[in-house]
Amino acid sequence: MWRSWDVADGLQETYTRALTLDPQGRVWLRHGTIRFLSVLNGYAPSKVTEPAMGNIRSWGPLARVYATADGGAWVLDNQVLKHYQAQRWTDHPAAVAGGEEALALLPAAHGRVFVLFSARLVEYDPAARSSRVVRRSGDTGIGAFRQMAAGFENEVWITGERG
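What you see is a predicted model; the values in this text were computed from it and never measured.

### Considerations on the side chain of Arg30
Looking at the element boundaries, Arg30 is found in strand E2 (residues 27-30). Of note is the side chain of Arg30, whose polar atom sits 2.4 Å from the side chain of Glu50.

Below, the structure is given as structure tokens:
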């Protein structure tokens, strides 16, 4: 069975820049320049305030929503990490401080999030508002980090310029 959704069904806009399937099976849609995201649960869409403030500098790979198993989400907006929990967004600018541009995000256990930079992988704890470097690219044989993905059982897989 095929089902399509549009504004008449409750979507905030039919144009979509990024889709994310969360661990609960919901689909998060980031639209164009409107002030809301749509979240589809298979029955009806709901709206969530768009976390972007002002002009979005890049709609590249980080445009997507990184949803969590507990119903929350993470986004990176103009190099400010934002966390959605209890129906509101909270800024976490310290997570990406230091001038280097973040390449990827990955929600982790216990409400934490991994943030990948070309020179390091950082685990950010929003409760403590603190970061710790998990691995530096110079300590590996793969060169500067490029991307990461979830592996099996809390593993993080990272690619680099040499593999």
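Moving on from the model shown.
### With respect to the packing of aromatic side chains
Each pair of aromatic rings is reported with the distance of its centres and the angle of its planes. Scanning the model with the defined rule gives three aromatic pairs in all. Between Trp28 and Tyr84 the ring centres are 6.0 Å apart and the planes differ by 80°, which places this aromatic pair in the edge-to-face class. Here the residue Trp28 occupies a position in strand E2, and Tyr84 occupies one in strand E7 (residues 80-85), the gap between them amounting to 56 residues. Summarising the burial analysis for this pair, Trp28 and Tyr84 share the class buried. Each ring, one from Phe152 and one from Trp157, has its centre 5.6 Å from the other, and the planes form 70°; the classification is edge-to-face. A residue is classified by how much of its surface remains accessible, and Phe152, at 60% relative accessible area, is exposed. Joined through ring pairs, the aromatic side chains of Trp28, Tyr84 and Trp89 make up one cluster. In this structure, Lys47 is placed above the aromatic ring of Phe36, and the distance from its NZ or CZ to the ring centre is 4.1 Å.

Analysis parameters
Throughout, residues of each chain are indexed from 1 in the direction in which the sequence is written. In keeping with the predicted nature of the model, local features appear solely for residues at pLDDT of at least 70, side-chain atom pairs appear and are counted solely at 80 or more, and the whole-chain, interface and lining totals rest on all residues. Think of the side-chain values as coming from all heavy atoms in the structure, minus any hydrogens and water. A run of H or I in DSSP becomes a helix once it reaches four residues, and a run of E becomes a strand once it reaches two; helices and strands are each numbered from the N terminus. Whenever two N or O atoms come within 3.5 Å, that pair is a polar contact, provided that in protein one can donate a hydrogen and the other can accept it, and provided that, for residues adjacent in sequence, both atoms are side-chain atoms. Pairing of aromatic side chains here covers Phe, Tyr and the six-membered ring of Trp, requires ring centres within 6.5 Å, and sorts the geometry by plane angle: under 30 degrees stacked, over 60 edge-to-face, intermediate tilted. The rule is simple: take the accessible area with a 1.4 Å probe, protein chains only, and divide by the maximum for that residue type; under 20% is buried, over 50% is exposed, in between is partly exposed. Comment: the charge-over-ring label is applied if NZ (Lys) or CZ (Arg) is within 6 Å of the ring centre and within 35 degrees of the ring normal.

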